[in-house]
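Geometric and topological summary
Residue-level listing of the chains:
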Amino acid sequence: MQATATKEQRRQSLRVQMQLARTRSDEIFGLLRNEALYARPIAERHRLIFYLGHLETFEWNLICAGGFGMKSVNPVFDRLFAFGIDPTNGNLPTDAASDWPRQAEIQAYNAHVRSAVDSCFDRSSDDLLFHVAIEHRLMHVETLAYLLHGLTYSMKQSAGSPQAASMKPVMPSQVTVPAGIATLGQDHDAAEFGWDNEFESCIVSVPAFEIDTYKVTNGEYAEFVRSGGYEDRSFWSDAAWEWITASGIRHPKFWKPADGGWVCQTMFADVPFQRDWPVYVSHAEAEAYSRWKKKSLPTEAQYHRAAFGYPDGSESRYPWGNTPPQHMHGNFNFQRWDPTPVNAHPAGNSAFGVADLMGNGWEWTSTVFAPFPGFEPFPFYPGYSADFFDGKHYVMKGGSPRTSAVLLRRSFRNWFQPRYPHVYASFRCVQS
Ligand SMILES: [Fe+2]
């Protein structure tokens, strides 16, 4: 009896999580004024209309067709909306807005798929596909925010953001993290969902290092820009230099020049320059800054050690301990559209006193995305991670204001190309 009740509770929890994830994705599409749905805010990505169909198509192909062999009502949509695009230099999509189906057709398809997915909750004894579907949707809710960020303000209806508490000005400092171990990934018997790249766990021995207490702020990064950092070849790798030179990049993407300085381009309006917000930059720009400071980006293992380690050698689930994430711990889980000052959530500090490690901007690491020993791809989604084990993507840890709390588990890994400036990605530096 007990086992049955537990399974039912689990299934009910998944239903609720799926409903919440759908509410989040509906909310973000609801921000668009009509003409915006066919726009392509980032040249390397699909038009927004693709994503309206993609979330349900993914769930249809994964659960209804793949898991239960259900018969499709629209095989054309099942293929058209199946795959996103990982940007590759020089290969921009060339489709026209008129190539895509009308919104009403897609919404009718989506309604059908949602009820088909709901019917599957009662038919399976395995939770795995549902976890994959829910987290896939939540990850797209975040990447949709990056896409919408690039639209002109008039194409969006403002959703507002709560007022940030005013904080003392940030005083940059460093913390010494003593030598110790870091546990990356998780074991299959841990009974927690994880994507294929999170398995198996591996224990890394990390020598002592110094790490910035806070993420690098807009104010600190402005010193690099003003000192000519974007004009000095010595701070940039060959590929990064070629990229900023060819594209004319001279400052972070979310800054706009104004009156000899900058303003911050947020989701719904330009706002005065926020010195104490984390700077959002590409990996290439973060690396250049760290060279200018004669420091480096942390490895994935150093991030883990600073975030989850304790002086006695033990580790916790989150930087603040083992309690589930709450708003006081950081700027994540859709509380805000914008960053907060990097010192705004002291309750989220790690045991070593490192701040703002979860939320408020993913953190770049110097670690190239690669499998842990024992990696096995999901048989139903073999390319999810393996397609990106190409030496061209870097691991990001933590989370952004638009990252669901579900994705804040210790083993979760995000990854992006180094010269992709559109994501809510911050960084901090280390010295060995
Ligand atoms: Fe996707």
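Just above, that's the structure.
This is a predicted model, so every value here is computed, not measured.

1. Some words on the overall build of the protein
- In terms of regular secondary structure, the protein is built from 10 helices and 12 strands.
- A compact globule built from 432 residues would reach a C-alpha radius of gyration of about 22 Å, and the protein, at 22 Å, matches this within 12%.
- Within the protein, the fraction of its 432 residues that count as buried is 53%.
- Once local pairs closer than 6 in sequence are excluded, the contacts in the protein between residues at least 24 apart make up 79%.
- Of the roughly 18,300 Å² of accessible surface on the protein, 54% is carried by carbon and sulfur atoms.
- If you average the places of the 40 positive and of the 46 negative side-chain charges in the protein, the two averages end up 3 Å apart.

2. Description of the state of the cysteines
- Counted according to the given criterion, the structure contains 0 disulfides.
- Not part of a disulfide, C120 finds its nearest cysteine sulfur in C64, a span of 4.2 Å.
- Unpaired in this structure, C264 has its nearest cysteine sulfur neighbour in C429, at a distance of 19 Å.
- On the basis of relative accessible area, C264 is assigned to the buried category, the value being 4%.

3. Here we look at the coordination of the iron ion
- In this structure, H54 (NE2), H136 (NE2) and H140 (NE2) serve as the protein donors to the iron ion, at separations of 2.2 to 2.3 Å.
- Donor residues for the iron ion, ordered by position in the chain, follow H-x81-H-x3-H. Residue H54 is located in helix α2 (residues 48–68), and its partner H140 is located in helix α5 (residues 128–149); the two are separated by 86 residues in the primary sequence.
- Residue H54 is classed as buried on the basis of its relative accessible area of 4%.

4. Here's the deal with the pattern of salt bridges
- According to the stated counting rule, one finds 22 salt bridges in the structure shown.
- Here R409 ties to E135 by a salt bridge, and the two come within 2.8 Å at their closest N and O atoms. Of this pair, R409 sits in the loop between β9 (394–397) and β10 (414–416) while E135 sits in helix α5, and the two are 274 residues apart along the sequence.
- Note on E135: relative accessible area 3%, which makes it buried.
- In this structure, D238 engages R233 in a salt bridge whose closest nitrogen and oxygen atoms are separated by 2.4 Å.
- The exposure class of D238 is exposed, given its relative accessible area of 59%.
- Residues participating in the shared-partner salt-bridge network are D26, E56, E59, R114 and R137.

Criteria and thresholds
- Residues numbered from 1 in each chain as written.
- Predicted model: local features only at pLDDT ≥ 70, side-chain atom pairs only at ≥ 80, totals over all residues.
- Heavy atoms only, no water.
- Helix = DSSP H or I, 4+ residues; strand = E, 2+ residues; numbered from the N terminus.
- Rg over C-alpha atoms; globule rule 2.2 N^0.38 Å.
- Buried < 20%, exposed > 50% of the residue type's maximum accessible area, 1.4 Å probe, protein only.
- Contact = heavy atoms within 4.5 Å.
- Areas by Shrake-Rupley, 256 points an atom, 1.4 Å probe, with all protein chains shown as cover.
- Lys, Arg positive; Asp, Glu negative; His and termini not counted.
- Charge placed at Lys NZ, Arg CZ, Asp CG, Glu CD.
- Disulfide = S-S within 2.5 Å.
- Donors = N, O, S within 2.8 Å, 3.2 Å for Na, K, Ca; no water.
- Salt bridge = Lys/Arg side-chain N within 4 Å of Asp/Glu carboxyl O.

Distances and angles like these do not, on their own, reveal function.
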